[in-house]
Amino acid sequence: MLNPAPAARRALPAVDRLLGTEAVLALIAQYGRTRITATLRAALDAERERLAQDGAAPYDETGFLQRCAAQLACTSAPSLKPVFNLTGTVLHTNLGRAVMPESAAKAVYAAMTRPVNLEFDLDGGARGERDSHVERWLHELTGGEKAVAVNNNAAAVYLVLNTLGLKREVLVSRGELIEIGGAFRIPDIMSRAGVKLVEVGTTNRTHLKDFAEAITPRTAAIMKVHTSNYVVQGFTAAVPEADLATLAHQHNLPFLVDLGSGSLINLEDYGIPHERTPRETLADGADVVTFSGDKLLGGPQAGLIVGRKDLMACIAKNPMKRSLRLDKMTLTALDAVLRLYLHPEKLREELPALRLLTRDRDDIAAQAARVQPALAAALGGHWRVEITDCKSQIGSGALPVDSMPSCGLAIAPAEKKGNLNKLAAALRALPVPVIGHIRDGTLTLDLRCLDHEDEFVTQLQHLKASR
Ligand SMILES: *Cc1c(COP(=O)(O)O)cnc(C)c1O
């Protein structure tokens, strides 16, 4: 520990005096006396050490208090905040997947700030069922007799397997032993759910007879898993769902389908390749279907389970349901989003995920032309900013090989010396961080998901300041 020179030590103010200054009183109004006092004490200690060093610049109160204010602003800022998703991946898992409609946000606000009939039957005045709020919409939209909603689709798959397959065997094709996002692997979920996985067929080809031969008295179910984030191409064979359902039912076994994304509408009507719906899957004979709330459905993070009444009753009664259930905010948002589907004519307009997924390339190109001059001006002469064609992806493992024509801004160094990683970091440091992607010496901002265009342009001035 260095010993401050007596003169320097004397130059430092007491905390009590600082607390009375006008600048600090303003900080107290914002952050409170407790936090300010602690911050000043720590900053004065650091200052004392600094002054003990040879040749240290003398204490400057204005600069000192400015640094304290900046530190407070930094350490008090929320960690989770809005960003601009210009990655080109619409349902980006790391950026919170689906953006939700205003109607859902308003409903959630009310549910957060007031008591709600979460588990209260307003007709009978007795205890109610929390999933009942979304069950009627899910019944109407999928045809499933009953519905259960849990924290996410991984939880849905877990709950279904644990309920229907505990200590028994579930048959899955080797071509469907998927891994999603690193942490969700069908074999791991199976073993954690207490189910023995029986792999059937081969990676590229699985036939009905493979399943038939694998059925034993220990078999609890046949399961099909949507190969969300990859495709097997070439010499392949998979068993149609209807045939698997028939086989399962001949042996009195339930047929389970994990659909993954599970769109509730025919995406082809909107110019996007078809993704099987829960309704089609149930109609083909599936007994229980699981899918996500925040993928193509465009709602909050949730896992939805729909299907046969008797099986669903067992799933709802599993004690683990309590650990996986939805809270009132998510249920409220889900209710609001599902109700939009009752009015399909307005869905594209009302549901942000669908609006962004189906945005016209020309519309995006027009936006690129509006935004390009502002970005070029903010970045200055060291960077070239060009309007470029690009391809957006749906994301979250839906239709992994399909892409939508889009338009964006490609940023590249005008001379050789611009550092793209530094530029990307500067964009991420903006008040509303801008996230693009770097490939082949270019930082591309795909504008498909650029809402709040004015805010985007206005905050570019901060780039000039940091240039
Ligand atoms: C995405 C996905 C999951 C996991 O769903 P989450 O909602 O992210 O938990 C499970 N199965 C399949 C087939 C998926 O595509």
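Just so it is clear, the model here is predicted, and its values are computed rather than measured.

S.K.: Looking at this structure, how should I read unusual backbone geometry?
M.R.: The bulk of non-glycine residues show a negative phi, and the bulk of peptide bonds are trans. The phi dihedral of Lys-167 falls on the positive side, at around 60°, and the residue is not glycine. What makes Lys-167 exposed here is its relative accessible area of 77%. In this structure, Asn-252 is a non-glycine residue whose phi angle is positive, near 60°.

S.K.: In this structure, what is going on with the sheet that holds strand β13 (residues 383–392)? I would like to understand it.
M.R.: Strands in a sheet are paired, the pairing made by backbone hydrogen bonds, and the direction either parallel or antiparallel. Read across the sheet, 4 strands follow the order β13-β14-β17-β16 without closing on themselves; strand pairing throughout is antiparallel. Each of the sheet's edge strands pairs with one partner strand only, and the pair in question is β13 and β16 (437–439). Sheet twist, expressed as the average angle between the axes of neighbouring strands with direction ignored, equals 35°. The pairing of β16 with strand β17 (residues 442–446) spans 3 bridges and is classified as antiparallel. Bridge pairing in β17 links Ile-438 to Leu-443. Seen against the sheet, helix α18 (residues 361–379) touches β13, β14 (404–413) and β17 and runs at an angle of roughly 15° to β14.

S.K.: For this particular structure, what's the right way to read the site of the ligand?
M.R.: Close contacts around the ligand come from 13 residues, with Ala-154, Ser-228, Asp-258, Ser-292 and Lys-295 the closest. Ser-292 places a polar side-chain atom, nitrogen or oxygen, 2.7 Å from an oxygen atom of the ligand. In the environment of the ligand, an oxygen atom lies 2.8 Å from a nitrogen or oxygen atom belonging to the side chain of Lys-295. Expressed as a share of its isolated accessible area of 380 Å², the protein-covered part of the ligand is 95%. Secondary structure elements with two or more residues in the shell around the ligand: α8 (153–165) and β10 (255–260).

S.K.: How do you make sense of the pattern of salt bridges when you look at a structure like this?
M.R.: Oppositely charged side chains can pair when the atoms bearing their charge come close. Under the defined criterion, the tally for this structure stands at 25 salt bridges. Put simply, Glu-47 and Arg-50 hold a salt bridge, and the shortest N to O gap is 2.7 Å. Of this pair, Glu-47 and Arg-50 both sit in helix α4 (residues 33–51), 3 residues apart, which is roughly one turn of that helix. Taking relative accessible area as the criterion, Glu-47 reaches 4% and is therefore assigned buried. Judged by relative accessible area, which is 29%, Arg-50 ranks as partly exposed. Between Lys-146 and Glu-135 there is a salt bridge; the shortest N-O distance is 3.4 Å. In this pair, Lys-146 is assigned in strand β4 (residues 146–150) and Glu-135 in helix α7 (residues 132–142), connecting sequence segments 11 residues apart. Counted as one network, the salt bridges with shared partners bring together Glu-119, Arg-127, Arg-130 and Arg-325.

S.K.: Even after reading the chapter, I still don't get the layout of surface pockets, so can you show me in this structure?
M.R.: A water-sized probe rolled over the atoms picks out the places where empty space is left. For the largest pocket, the calculated volume is near 910 Å³. What lines the largest pocket is a set of 31 residues, and nearest its centre among them are Pro-82, Val-83, Leu-95, Val-99 and His-452. At the level of elements, β1 (84–85), α6 (102–113), α16 (344–350) and α17 (352–357) are the ones that each hand at least two residues to the lining of the largest pocket. Looking at the lining of the largest pocket, the element that brings in the most residues is α17, giving 4 residues. Along the lines of polarity and charge, the residues of the lining of the largest pocket split into 19 nonpolar, 4 polar and 8 charged. Looking at which domains feed residues into the lining of the largest pocket, each of domain 2 (84–92 + 357–462) and domain 3 (102–350) supplies at least three.

S.K.: So what exactly am I meant to see when it comes to the pairing of strand β11 (residues 288–292) here?
M.R.: Put simply, side chains in a regular strand alternate between the two faces of the sheet. Within β11, 5 of the 5 residues are buried, leaving the element largely enclosed by the surrounding structure. Side chains Val-288, Thr-290 and Ser-292 of β11 all project onto a buried face; the interleaved residues Val-289 and Phe-291 project onto the opposite face, where all are buried too. In terms of strand pairing, β10 meets β11 through 4 bridges, oriented parallel. By the bridge assignment, Asp-258 is partnered in β11 with Thr-290. With respect to chirality, the unit in which β10 leads through helix α12 (residues 278–283) into the neighbouring parallel β11 is right-handed. Pairing between β11 and strand β12 (residues 303–307): 5 bridges, direction antiparallel. Residue pairing for β12: Phe-291 is matched across the bridge by Leu-304.

S.K.: Just to check I follow, could you spell out the domain arrangement of the protein for this structure?
M.R.: For an interface, size is often stated in terms of accessible area lost upon the parts coming together. As assigned here, the protein comprises domain 1 (5–76), domain 2 (84–92 + 357–462) and domain 3 (102–350). Inter-centroid distance (C-alpha atoms) of domain 1 to domain 2 is 41 Å.

S.K.: What exactly am I supposed to notice about the side chain of Arg-359 here?
M.R.: Considering the arrangement of structural elements, one finds Arg-359 in the loop between α17 and α18. In terms of polar contacts, Arg-359 uses its side chain to reach the backbone carbonyl oxygen of Arg-448, at 2.9 Å.

S.K.: For this particular structure, what's the right way to read the packing of α8 against helix α13 (residues 309–317)?
M.R.: The description of two packed helices rests on the angle between their axes and on the distance between the axes. One way to put it is that α8 packs onto α13 with a least axis distance of 9 Å and a crossing angle of 105°. Accordingly, the angle class assigned to the pair α8 and α13 is roughly perpendicular. Note on element contacts: α13 touches α8 through Leu-311, Cys-314 and Ile-315, opposite Leu-159, Val-160, Thr-163 and Leu-164. Tallied by class, the residues present in the contact of α8 with α13 amount to 6 nonpolar, 1 polar and no charged.

Calculation notes
- Residues numbered from 1 in each chain as written.
- Predicted model: local features only at pLDDT ≥ 70, side-chain atom pairs only at ≥ 80, totals over all residues.
- Heavy atoms only, no water.
- Buried < 20%, exposed > 50% of the residue type's maximum accessible area, 1.4 Å probe, protein only.
- Pairing = 2+ DSSP bridges.
- Helix = DSSP H or I, 4+ residues; strand = E, 2+ residues; numbered from the N terminus.
- Axes fitted to C-alpha atoms, helices over the stretch in contact; angles between N-to-C directions.
- Contact = heavy atoms within 4.5 Å.
- Near = heavy atom within 4 Å.
- Polar contact = N/O pair within 3.5 Å; in protein donor to acceptor, adjacent residues only side chain to side chain.
- Areas by Shrake-Rupley, 256 points an atom, 1.4 Å probe, with all protein chains shown as cover.
- Salt bridge = Lys/Arg side-chain N within 4 Å of Asp/Glu carboxyl O.
- 1 Å grid on protein atoms, 1.4 Å probe; cavity = no way out; pocket = protein on both sides within 12 Å on 5 of 7 lines; lining within 4 Å.
- Points joined across faces, edges and corners; volume = space filled by probe spheres on them.
- Nonpolar A, V, L, I, M, F, W, Y, C, P; charged D, E, K, R; others polar.
- Domains from an automatic or database assignment.
- Right-handed = clockwise from strand over helix to strand, strands pointing away.
- Parallel < 35°, antiparallel > 145°, perpendicular 65-115°, else oblique.

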